[in-house]
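Structural features, examined
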Amino acid sequence: MTHSPAAEQRVEKTVRKPAILLAVTAYFGVLLLALAALGISWYRAGLAPDQPIAFPHTIHVSKLNLPCNFCHIFVDRSRHAGAPPLEKCMSCHTAIATEREEIRKLARHYEEKRPVEWNRVYSLPEHVYFSHKRHVKAQVDCSECHGKVGAMKKVRKVGSLKMGWCVSCHRVRGASLDCATCHK
Amino acid sequence: MVSLGNLQPLSPQFYLLLRHGLFLVLFLHLPFLGLLIGGSAVSLLLNFLGKEKRDPSYLRFSQELMGTVLMSKSALFMFGLVPPLLVWFIYARVLFDASPLPWQFWVVILAVLLSGFALLSSYRSARGRALDLSPMSAATGAAGLLAVILAVFLFSAGYGILFNPGKLPLLQKQVRFFLSWHGVVKFLLFLAFFFGMTGGAILLLCGRPAEGDEGAEAAYRELVQRFGANLAILATLVLPVFLLLDLVTLPDIALSAEVFVSSAVVVLLSLAACLTLFLSDRKGEGGPGARVAFLFVLIFLVILLRDDAAVGNAYQDQIAFLHMQAPVAELVHADEKHREKPAAADRVAGDAGKVVFEKSCAGCHRFDIRVVGPPLNEVVPKYAGDAEKLKGFIRNPVKVNPDLPSMPRLGLPEEEIDAVARYLIEKAKAGGSP
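If you're wondering where the values come from, they're calculated on a predicted model, not measured in any experiment.

About the thresholds
Residues numbered from 1 in each chain as written. Chains lettered and ligands numbered in written order. Predicted model: local features only at pLDDT ≥ 70, side-chain atom pairs only at ≥ 80, totals over all residues. Heavy atoms only, no water. Helix = DSSP H or I, 4+ residues; strand = E, 2+ residues; numbered from the N terminus. Rg over C-alpha atoms; globule rule 2.2 N^0.38 Å. Buried < 20%, exposed > 50% of the residue type's maximum accessible area, 1.4 Å probe, protein only. Contact = heavy atoms within 4.5 Å. Lys, Arg positive; Asp, Glu negative; His and termini not counted. Charge placed at Lys NZ, Arg CZ, Asp CG, Glu CD. Core = buried A, V, L, I, M, F, W, Y, C linked by side-chain atoms within 4.5 Å. 1 Å grid on protein atoms, 1.4 Å probe; cavity = no way out; pocket = protein on both sides within 12 Å on 5 of 7 lines; lining within 4 Å. Points joined across faces, edges and corners; volume = space filled by probe spheres on them. Nonpolar A, V, L, I, M, F, W, Y, C, P; charged D, E, K, R; others polar. Buried area = accessible area lost by both parts, 1.4 Å probe. Salt bridge = Lys/Arg side-chain N within 4 Å of Asp/Glu carboxyl O. Polar contact = N/O pair within 3.5 Å; in protein donor to acceptor, adjacent residues only side chain to side chain. Axes fitted to C-alpha atoms, helices over the stretch in contact; angles between N-to-C directions. Parallel < 35°, antiparallel > 145°, perpendicular 65-115°, else oblique. Left-handed = near helix turned anticlockwise from the far one by under 90°. Domains from an automatic or database assignment. Phe/Tyr/Trp six-rings, centres within 6.5 Å; stacked < 30°, edge-to-face > 60°. Lys NZ or Arg CZ within 6 Å of the ring centre and 35° of its normal.

Within chain A, the regular secondary structure consists of nine helices and zero strands. Seen in sequence order, chain A has helices and strands lined up from the N terminus as α-α-α-α-α-α-α-α-α. Over its C-alpha trace chain A gives a radius of gyration of 27 Å, far above what one expects of a compact globule, namely 16 Å for 184 residues. For chain A, with 184 residues in total, the buried portion stands at 26%. For chain A, long-range pairs separated by at least 24 residues make up 64% of all intrachain contacts whose partners lie at least 6 apart in sequence. Of the charged side chains in chain A, 28 are positive and 15 negative, and the gap between their average positions amounts to 5 Å.

Here it is in structure tokens:
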């Protein structure tokens, strides 16, 4: 089979070029889809979820200088730091900023004795054992794991909470690396 | 020892300026290094191919390319060595909490870069002298190339840290934490860009006609254009993949909608560059060279803007923190200035007390009216003769007034408690508001 140069050119124009264009566009289309998937999974992960009451750590921690364990009362005593009981909030907010929308919501919860269901920002899977108490005792600062919470209007997740994250710090600090420490 | 990390903390505006400055410097520096790396690598490859195929046009291309990409010594200095020094300075100031990368790190990068430049310069002059290159000269070129690539790798690893402030405390304890997958991906992304740039530059600048047989000249041009186009096409296909990997390895706190949108823009620009290369018929003047080179510069600009946004995300809390600290920092500063002047001991204590008050108490207390706590003019006079008792209360507050919430225990150091207690007593005695 032999082709004349003209026929060769026709093949190039009608078959090869469109085929290449199609392949290239499809390739980039797949890449864009993958990008969109990454974006959606990031969005769904909700690293800074909206809270039922927009509680600002900025005012309470940085302006009022409340220490963390004033509200997270169990942090140096138990596995969980715990969310503050409403009485704690109301000790101030029966008198302060009572006209604001967010504080009215807070007061309604208090009157109806309905605890606020805060959306969790940090949580570990069931199979991992973690305790705040040990870390606070070992003088690991809250900010090493939670960032500068006092500067966040809305709490956002700073550490990845992946296994590598825990283990890197344990290695540097000379804490236990035994599997059984974290997997019980 | 020089430790830039010990410099004063920054004001938020200055921080922002430095951060953008960092990316501006990179925008000037990396394309330059990219041409150098891409050009030398391709020149060495052509040299090898020319010898294998016994085709002198490859050797001629190799020679022409090397003459195009490697600039004069002063340009090398300006674009190659000054920027890393600037980056060093800016870097140390941006990561103000810590000085994660010791100055030795940057000295190593500079030394490696410098030796790479020297070796490549020597390769270039050998390359320019004759088509036939001695194996020794080729080896010199390869060594120089490897050195510059090594410097870029080290730099990328350090650059990767910028996106992950959570790692800084680890890094300060163990140097090996400066290696990360994210740093490696950044390196690969840069390499892809380098070769794309080089492809564009070849299309734009190489294949200049010379005296001689017209047919041979056309064949040479064809070779150069084909080579440049293939290189650029390869880069447009690979670069977006590394960009996706970069997104995967970027720490969560650096991500935001802007980062995803600008990544999509980079993918689309790569598509545009790729189609430009396929659709142009690559013949004659006005080939795709200028457009492709421009698109690659644009791609790099968007990548840097994206990285700038990502670093901003990663440090957003620290910046908010600086903003909040600024007024207090000013007060402390003013206080320090006061202290330089000779003054009565009490007056000094009063100023220090004022600073502590503004920092730790003013959120809840004023002298004249009730805020969270009671107006201090009403409650402090009962402590007038007894600073110790007041200090005891501040150290460890007990319930006083059932109509008010309890005052939290603030955990202040003893000097601050002492200063603020004296300040309160004096101030309340005067009866004025601050």
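Side chains of nonpolar character tend, in soluble globular proteins, to be buried together. All names here are of chain B. Formed by 114 residues in total, the largest nonpolar core has its most connected members in Leu33, Phe61, Phe117 and Tyr159. Here this core takes 16 residues from helix H1 (residues 12-53), the largest share from any one element. Counting residues in hydrophobic clusters, the runner-up holds 19 residues, among them Leu390, Leu410, Ile417 and Ile425.

It is worth spelling out empty space enclosed by the protein at this point. Any empty space left between atoms is shown by rolling a water-sized probe over those atoms. Residues and elements named next belong to chain B. Counting across every chain of the model gives two cavities of 30 Å³ or more. In this model, the largest cavity occupies a volume close to 70 Å³. Looking at the largest cavity, the residues that line it are His29, Leu30, Leu33, Pro84, Ile109, Leu113, Ala151, Val152 and Phe155. Going through the elements one at a time, H1, helix H4 (103-129) and helix H5 (135-161) are the ones with two or more residues in the lining of the largest cavity. A class-by-class count of the residues in the lining of the largest cavity yields eight nonpolar, one polar and no charged.

So, on to the interface of chain B and chain A. Listed as interface residues are 50 residues of chain B and, on the opposing side, 39 residues of chain A. Approximately 3,700 Å² of surface area, both sides summed, lies buried where chain B meets chain A, with 75% of it carried by carbon and sulfur atoms. Viewed at the interface, chain A and chain B are joined by one salt bridge. The tally of links between chain B and chain A comes to six residue pairs in polar contact (both at pLDDT 80 or more). When contributions to the side of chain B that touches chain A are tallied by element, the ones reaching two or more residues are helix H6 (168-173), helix H8 (214-249), helix H9 (257-279), helix H10 (289-314), helix H11 (316-340) and helix H12 (345-361) of chain B. At 12 residues, the largest contribution of residues to the side of chain B that touches chain A is made by H9 of chain B. Partitioned by chemical class, the residues of the side of chain B that touches chain A number 32 nonpolar, 10 polar and eight charged.

Residues and elements named next belong to chain B. Contact geometry of H1 with helix H2 (residues 56-69) gives a least axis separation of 8 Å together with a crossing angle of 165°. By the criterion of interaxial angle, the relationship of H1 to H2 is roughly antiparallel. Read as a crossing pair, H1 and H2 show a hand that is left-handed. Each of Leu35, Leu36, Gly39, Ser40, Val42, Ser43, Leu46, Asn47, Leu49, Gly50, Lys51 and Lys53 in H1 lies in contact with H2, whose residues at this interface are Tyr58, Leu59, Phe61, Ser62, Leu65, Met66 and Val69.

All names here are of chain B. Splitting chain B by domain gives domain 1 (12-313) and domain 2 (318-430). Domain 1 puts six residues into the contact, and the matching count from domain 2 is four residues. Across the domain 1 to domain 2 interface the summed buried area is about 480 Å²; carbon plus sulfur atoms make up 82%. For the interface between domain 1 and domain 2, the tally reads zero salt bridges. Inspection of the domain 1/domain 2 interface yields zero residue pairs in polar contact (both at pLDDT 80 or more). Residue composition of the side of domain 1 that touches domain 2, grouped by class: four nonpolar, one polar and one charged.

Turning next to the packing of aromatic side chains. Aromatic ring pairs are reported here in terms of the distance separating the ring centres and the angle at which the planes meet. Residue and element names in this part refer to chain B. Per the stated rule, a full pass over the model turns up 21 aromatic pairs over all chains. On the numbers, 6.2 Å between centres and 80° between planes, the contact of Phe367 with Tyr423 is edge-to-face. Of this pair, Phe367 sits in the loop between H12 and helix H13 (376-379) while Tyr423 is found in helix H15 (residues 414-430), placing the two residues 56 residues apart along the sequence. Look at Tyr423 and you get buried, because its relative accessible area is 6%. Taken together through their ring pairs, the aromatic side chains of Phe23, Phe27, Phe105, Trp106, Phe155, Tyr159, Phe163, Phe178, Phe190, Phe193, Phe194 and Phe300 make up a single cluster. Residue placement shows Arg60 over the ring face of Tyr220; its charged tip is 3.7 Å from the ring centre. Positioned above the aromatic ring of Phe163 is the side chain of Lys186, whose terminal nitrogen or guanidinium carbon lies 4.0 Å from the ring centre.

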